[in-house]
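Now for the letters of each chain:
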Amino acid sequence: QKEVEQDPGPLSVPEGAIVSLNCTYSNSAFQYFMWYRQYSRKGPELLMYTYSSGNKEDGRFTAQVDKSSKYISLFIRDSQPSDSATYLCATAKTSYDKVIFGPGTSLSVIP
Amino acid sequence: SQTIHQWPATLVQPVGSPLSLECTVEGTSNPNLYWYRQAAGRGLQLLFYSVGIGQISSEVPQNLSASRPQDRQFILSSKKLLLSDSGFYLCAWSWGIGEAFFGQGTRLTVV
């Protein structure tokens, strides 16, 4: 079993839709959870960072972590064409541990 | 502020030739450093991970190697490239709070 799993998509939604992106992980020792956005031919950029369980909101983006079910979610409200990218979830056991990435979900927001 | 430099941006190399990709980080000390590879349409595969000078952890058996001759310098090498080494190589750093910050990547094509 892979440590972090993610539906690769592609996911296609109309502009303005609410997008839900999800990951599952296998190791209950993971404490840090991140979401990255990667545009084509670019390095990933950090979007959201969460420690342990709970929600975190930043503008149109909300990250949720449910450690009881080992489930990570990213919600995008009022999606825009500029949100079209690959979204990768990532986890780490400690603040100094290696970061493990999911395979990414490709998202297209259609105008 | 911290910045990460990775070069070259693109590289075309013949099979059997050597490889050297360099990554440097500015604005921080004693970072964790990573080399990832991303094949077309796939997620990030962790290749090497370093917590300090001369300390390298290899995640995947392969004909690649990594070195960290200085605190903020990370080098990915190969003595003889294979066709299967083609991909998008990303250097990243993290420090203290789990998330990783990426360079812009090197697109390597082995012909």
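Now for a description of the structure that goes with this document. Note that the structure is predicted; figures quoted are calculated from it, not measured. (Residues numbered from 1 in each chain as written. Chains lettered and ligands numbered in written order. Predicted model: local features only at pLDDT ≥ 70, side-chain atom pairs only at ≥ 80, totals over all residues. Heavy atoms only, no water.)

## Description of the sheet that holds strand β8 (residues 73-78) of chain B
Residue and element names in this part refer to chain B. Strand order in the open sheet formed by four strands is β1-β3-β8-β7, and the pairing between neighbours is antiparallel. Looking at strand neighbours, the two that pair on one side only are β1 (3-7) and β7 (64-70), the edges of this open sheet. Across the sheet, the mean angle from the axis of one strand to that of its neighbour is 15°, orientation sign disregarded. Relative to strand β3 (residues 19-26), β1 is paired through five bridges, and the arrangement is antiparallel. By the bridge assignment, Gln-6 is partnered in β3 with Cys-23. (Pairing = 2+ DSSP bridges. Helix = DSSP H or I, 4+ residues; strand = E, 2+ residues; numbered from the N terminus. Axes fitted to C-alpha atoms, helices over the stretch in contact; angles between N-to-C directions.)

## Notes on the state of the cysteines
Disulfide: a covalent bond connecting the sulfur atoms of a pair of cysteines. Residues and elements named next belong to chain A. A complete count under the given rule lists two disulfides over all chains for this structure. One disulfide bridge connects Cys-23 with Cys-89, the sulfur atoms lying 1.8 Å from each other. The S-S bond linking Cys-23 to Cys-89 shows a torsion near -100°; that makes this disulfide left-handed. Placement of the pair is Cys-23 in strand β3 (residues 19-25) and Cys-89 in strand β9 (residues 85-92), with a sequence separation of 66 residues. This pair shows no difference in class: Cys-23 is buried, exactly as Cys-89 is. (Disulfide = S-S within 2.5 Å. Buried < 20%, exposed > 50% of the residue type's maximum accessible area, 1.4 Å probe, protein only.)

Scope: geometric values only; no functional claims are made or implied.
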